[in-house]
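Structure at a glance
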Amino acid sequence: LLADAMVSALQQLGITRSFGALLVLAIFVGGLFNIPIRRTSRGEVLAYRPFDLYGIDRLAPRLVEKSTQQALALNVGGCVIPLLIVAYQLVRLGSHDDGVWLALVVACALNTTACYLLARPVAGLGILLPIFVPGCLAALMALLLAPAHAPGVAFCAGVLGPLIGADLLHLRDLGRSGAGLLSIGGAGTFDGIVVSGFLAAMLSA
């Protein structure tokens, strides 16, 4: 049911059903893969233990400094493929009048602002965002600002809003959480970027 709904949404974006099915399959499979784009390392000095003065440190050696590594990656299914679909929509919308572009910029800006305000970086979990709010908001703005091209505008706003507002603008806050992998779109098919984009396209059709 989920795959069929996603294919139907892609058809509203001008993509054939057969190619849409391949894209949906690529999103499901691509959710298993991350593309590293940056690695950082830093040293952290551990707290001083006063009892070391009495030679206890010889019995239990203390690590003076430890190195932590943090990697930033893009998830193939949860980020890269949705961005490729957005690029295709931008090409399609580019053939229309300038009013569509203005509607697209306004919709993306408003959804990005909403996602930034609603997102909460949580150490060990990632960035938490109400799953249905960005998609519904993108669809509403697309229907109000560009009803003739609502699905394309809604999908772009639905993808770029969480990507920029929730992930990129909060990346520095999440980076302070320590070591590990920070994957943009890391939940794959069920990531906020994918859910918001497809939900917006379906609601605005």
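This text follows the structure it describes.
Each residue is numbered by its place in its chain's sequence as written, counting from 1. In keeping with the model being predicted, local features are shown solely for residues with a pLDDT of at least 70 and side-chain atom pairs are shown and tallied solely at 80 or more, while totals for entire chains, interfaces and linings include all residues. Hydrogens and waters are ignored; side-chain quantities use all the structure's heavy atoms.

1. Considerations on the packing of helix H5 (residues 98–118) against helix H7 (residues 150–168)
Viewed as axis vectors pointing N to C, H5 and H7 meet at an angle of 35°, and their least axial separation amounts to 7 Å. Viewed along their axes, H5 and H7 form a crossing whose handedness is right-handed. Seen from H5, the contacting residues are Val100, Ala103, Leu104, Ala107, Cys108, Asn111, Thr112, Cys115 and Tyr116; seen from H7, they are Val153, Cys156, Ala157, Gly158, Leu160, Gly161, Pro162, Ile164, Gly165 and Ala166. When residues are sorted by character, Ala, Val, Leu, Ile, Met, Phe, Trp, Tyr, Cys and Pro go into the nonpolar class, Asp, Glu, Lys and Arg into the charged class, and all the rest, Gly among them, into the polar class. Within the contact of H5 with H7, the residues separate by chemical class into 14 nonpolar, 5 polar and no charged. Angular values range over 0 to 180 degrees, each being the angle between N-to-C directions of two axes fitted as lines to C-alpha atoms, with helices fitted over their stretch in contact. Helix numbers and strand numbers start at the N terminus; a helix is a DSSP run of H or I with at least 4 residues, a strand a run of E with at least 2. Should the near helix be turned anticlockwise from the far one by less than a right angle, the crossing is left-handed, and should it be turned clockwise, the crossing is right-handed. The contact criterion used is simple: two residues touch if any of their non-hydrogen atoms lie within 4.5 Å.

2. A short note on the pattern of salt bridges
Think of a salt bridge as a Lys or Arg side-chain nitrogen and an Asp or Glu carboxyl oxygen that are within 4 Å of each other. Overall, the coordinates contain 1 salt bridge when judged by the stated rule. The partner of Asp4 in a salt bridge is Arg17, with the nearest N and O atoms 2.6 Å apart. Of this pair, Asp4 sits in helix H1 (residues 2–12) while Arg17 sits in helix H2 (residues 17–30), and the two are 13 residues apart along the sequence.

3. Describing the nonpolar core
With 42 residues, the main nonpolar core has Leu10, Ile85, Val153, Phe155 and Phe198 as its most contacted residues. Secondary-structure elements contributing two or more residues to this core are H1, H2, helix H4 (76–93), H5, helix H6 (133–145), H7, strand E5 (180–184) and helix H9 (192–204). Considering each element in turn, this core owes the most residues, 9 residues, to H7. Discounting residues that sit within four places of it in the chain, Phe198 has contacts with Met6, Ala9, Leu10, Ile27 and Phe155. In plain words, nonpolar cores are sets of buried Ala, Val, Leu, Ile, Met, Phe, Trp, Tyr and Cys residues tied together by side-chain atoms within 4.5 Å. The classification of residues rests on relative accessible area computed with a 1.4 Å probe and restricted to protein chains. Under 20% of the type maximum is buried, over 50% is exposed, and intermediate values are partly exposed.

4. Section: the side chain of Ser196
Within the secondary structure, Ser196 sits in helix H9. Apart from the residues within four sequence positions on either side, Ser196 is in contact with Pro134, Gly135, Gly158 and Pro162.

5. Observations concerning H5
Given the number of residues in a helix, its expected span is that number minus one, multiplied by 1.5 Å. Taking 1.5 Å per residue, 21 residues should reach 30 Å; H5 reaches 30 Å between its end C-alpha atoms and fits that length. Along H5, the residues classified as buried are Val100, Ala103, Leu104, Ala107, Cys108, Asn111, Thr112, Ala114 and Cys115. For H5, the angular spread of the buried residues around the axis is 165°, confining them to a single face. In H5, those exposed residues whose orientation departs by more than 90 degrees from the buried face are Asp98, Leu102, Val105 and Leu117. Those residues of H5 that are buried lie in contact with H4, H6 and H7. To be clear, the arc concerns the directions from the helix axis to the C-beta atoms.

6. Comments concerning a nonpolar patch on the surface
Only residues whose relative accessible area exceeds 30% and that form no salt bridge enter a patch; like-charged residues are grouped when within 9 Å of one another, and nonpolar side chains (Val, Leu, Ile, Met, Phe, Trp, Tyr) when within 5 Å. Computed by Shrake-Rupley with a 1.4 Å probe, the accessible areas treat only the displayed protein chains as cover when residues are assessed. A cluster of nonpolar residues, Leu2, Leu25, Phe28, Val29, Leu32, Phe33 and Phe190, forms a patch on the protein surface that exposes about 730 Å² of accessible area. With 3 residues, H2 is the largest single contributor of residues to the nonpolar patch. By the secondary structure assignment, Leu25 is in helix H2. Accessibility expressed as a relative area gives 52% for Leu25, which makes it exposed.

7. What about the environment of His149?
Locating His149 in the fold gives a position in the loop between H6 and H7. Taking the C-alpha atoms as reference points, His149 and Ser204, separated by 55 residues in sequence, lie 9.1 Å from one another. Setting aside its immediate chain neighbours within four residues, His149 contacts Leu93, His96 and Val100.

8. As for the side chain of Gln89
When you line up the elements, Gln89 lands in helix H4. The class of Gln89 is buried, set by a relative accessible area of 0%. Those residues in contact with Gln89 that sit more than four places away from it in its chain are Leu13, Gly152 and Cys156.

Any functional reading would require information beyond the geometric quantities listed.
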